[in-house]
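Coordinate inspection notes
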Amino acid sequence: KAGVTQTPRYLIKTRGQQVTLSCSPISGHRSVSWYQQTPGQGLQFLFEYFSETQRNKGNFPGRFSGRQFSNSRSEMNVSTLELGDSALYLCASSLTGEETQYFGPGTRLLVL
Amino acid sequence: GDSVTQMEGPVTLSEEAFLTINCTYTATGYPSLFWYVQYPGEGLQLLLKATKADDKGSNKGFEATYRKETTSFHLEKGSVQVSDSAVYFCALSERGAQKLVFGQGTRLTINP
């Protein structure tokens, strides 16, 4: 079974732009979570989606948003990019009712 | 809120040495506990997990036991290999929230 896939793997943007990242979960997984990884703050939870609904949200500004489609694929969007948004963005999926999350390879975003 | 504390790194060992990476947690309920590993340029891979007190998770020679009395989940391996060099993350899953809370990570380097 294919793992979690994320596209693109690398992105370079400039301040003020916006970006959209995509995540395809493992087949049959309906929960998708997003995390931000930075050297200074470590791994931080952004939000989680299940059946196209956001169920949980971390402590991030409203510039960070996401959505989930009926096939469970998910996107996250960051608007008005700041230098501090440079990070590795990780997507994870899990089976309904299961706590174990399986991660994708991540999208590395660099904001110049 | 819930939190996870890992021993400070980096940790450098010789091949075949014994490994311990300490992890303690603070949680209001009884979370599930995980160890993830991250190799350079990759996402997180699930190494092992435990879902209730006294459970022992194990995989690839690594072990960790869920100790409720000491709120700990220390990672151990009897004989490390160069290929074990990576960053190790301890995490807990908040009950009912589908959200992982991570420790700061411990970088492990194994020298031949």
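For the structure itself, look to the data block above.
The model shown is predicted, which means the values in this text are computed figures rather than measured ones. (Residues numbered from 1 in each chain as written. Chains lettered and ligands numbered in written order. Predicted model: local features only at pLDDT ≥ 70, side-chain atom pairs only at ≥ 80, totals over all residues. Heavy atoms only, no water.)

**Structural notes on the overall build of chain A**
- Within chain A one finds 0 helices and 11 strands.
- When the helices and strands of chain A are placed in sequence order, the string is β-β-β-β-β-β-β-β-β-β-β.
- For chain A, whose C-alpha radius of gyration is 13 Å, the value lies close to the compact-globule estimate of 13 Å for 112 residues.
- Its C-alpha atoms put chain A at 40 × 25 × 25 Å along the principal axes.
- Out of the 112 residues in chain A, the part that is buried amounts to 50%.
- By sequence separation, contacts in chain A at least 24 residues apart represent 53% of the contacts at least 6 residues apart. (Helix = DSSP H or I, 4+ residues; strand = E, 2+ residues; numbered from the N terminus. Rg over C-alpha atoms; globule rule 2.2 N^0.38 Å. Buried < 20%, exposed > 50% of the residue type's maximum accessible area, 1.4 Å probe, protein only. Contact = heavy atoms within 4.5 Å.)

**Comments concerning the overall build of chain B**
- Counting its secondary structure elements, chain B contains 0 helices and 12 strands.
- Going residue by residue from the N terminus, the α and β elements of chain B occur as β-β-β-β-β-β-β-β-β-β-β-β.
- A compact globule built from 112 residues would reach a C-alpha radius of gyration of about 13 Å, and chain B, at 13 Å, matches this within 12%.
- With the principal axes as the frame, chain B shows a C-alpha extent of 45 × 30 × 20 Å.
- In chain B, once contacts between residues fewer than 6 apart in sequence are set aside, the share between residues at least 24 apart is 56%.
- In the structure as shown, chain B presents an accessible area of about 5,300 Å², 47% of it carried by carbon and sulfur atoms.
- Looking at charge distribution, chain B has the averaged site of its 10 positive side-chain charges lying 6 Å from that of its 12 negative ones. (Areas by Shrake-Rupley, 256 points an atom, 1.4 Å probe, with all protein chains shown as cover. Lys, Arg positive; Asp, Glu negative; His and termini not counted. Charge placed at Lys NZ, Arg CZ, Asp CG, Glu CD.)

**Section: the pattern of salt bridges**
- Scanning the model with the defined rule gives 9 salt bridges over all chains in all.
- The salt bridge partner of Arg-67 of chain A is Glu-75 of chain A, with a shortest N-O separation of 3.3 Å.
- Accessibility expressed as a relative area gives 45% for Arg-67 of chain A, which makes it partly exposed.
- In this structure, Glu-63 of chain B and Lys-56 of chain B form a salt bridge, with 3.6 Å as the shortest nitrogen-oxygen distance.
- One network of salt bridges, in which partners are shared, links Arg-63, Glu-82 and Asp-85 of chain A. (Salt bridge = Lys/Arg side-chain N within 4 Å of Asp/Glu carboxyl O.)

**Considerations on the nonpolar core**
- Counting residues in each nonpolar core, the largest one holds 25 residues, and the members touching the most others are Trp-35, Leu-48, Phe-73, Leu-75 and Tyr-88 of chain B.
- At the level of elements, β3 (19–21), β4 (23–26), β5 (32–38), β6 (44–50), β8 (62–65), β10 (86–94) and β12 (106–111) of chain B are the ones that each hand at least two residues to this core.
- If one sorts the elements of this core by residue count, β10 of chain B sits on top with 4 residues.
- Not counting residues within four places of it along the chain, the set of residues in contact with Tyr-88 of chain B comprises Gln-6, Ile-21, Trp-35, Tyr-36, Val-37, Leu-47, Phe-62, Leu-75, Gly-105, Thr-106 and Leu-108 of chain B.
- Core analysis: the second largest hydrophobic core is formed by 21 residues, Leu-11, Leu-21, Cys-23 and Trp-34 of chain A among them. (Core = buried A, V, L, I, M, F, W, Y, C linked by side-chain atoms within 4.5 Å.)

**Thoughts on the sheet that holds strand β7 (residues 64–68) of chain A**
Residue and element names in this part refer to chain A.
- The antiparallel open sheet is built from 4 strands, whose spatial order is β1-β3-β8-β7. Here the strands that pair on one side only, and so sit at the sheet edges, are β1 (5–7) and β7. Averaged over all pairs of adjacent strands, the angle between their axes in this sheet comes to 20°, without regard to strand direction.
- Relative to strand β8 (residues 74–78), strand β3 (residues 19–24) runs antiparallel, the two being bridged by 5 bridges. Of the residues in β8, the one forming a bridge with Leu-21 is Met-76. (Pairing = 2+ DSSP bridges. Axes fitted to C-alpha atoms, helices over the stretch in contact; angles between N-to-C directions.)

**Digging into the state of the cysteines**
Residues and elements named next belong to chain B.
- Under the definition given, this model contains 2 disulfides over all chains.
- With a sulfur-sulfur separation of 1.9 Å, Cys-23 is cross-linked through a disulfide to Cys-90. Where Cys-23 bonds to Cys-90 through sulfur, the torsion about that S-S bond is close to -70°, and the disulfide is left-handed. Residue Cys-23 is located in strand β4, and its partner Cys-90 is located in strand β10; the two are separated by 67 residues in the primary sequence.
- With a relative accessible area of 1%, Cys-23 lands in the buried category. (Disulfide = S-S within 2.5 Å.)

**Examining the interface of chain B and chain A**
- Counting residues at the interface gives 19 residues for chain B, matched by 21 residues for chain A.
- Contact with chain A buries area across many residues of chain B, yet Leu-44, Gln-98 and Leu-100 of chain B alone supply 36% of it, more than any other trio.
- Inspection of the chain B/chain A interface yields 0 salt bridges.
- Taken together, the links from chain B to chain A amount to 9 residue pairs in polar contact (both at pLDDT 80 or more). (Buried area = accessible area lost by both parts, 1.4 Å probe. Polar contact = N/O pair within 3.5 Å; in protein donor to acceptor, adjacent residues only side chain to side chain.)

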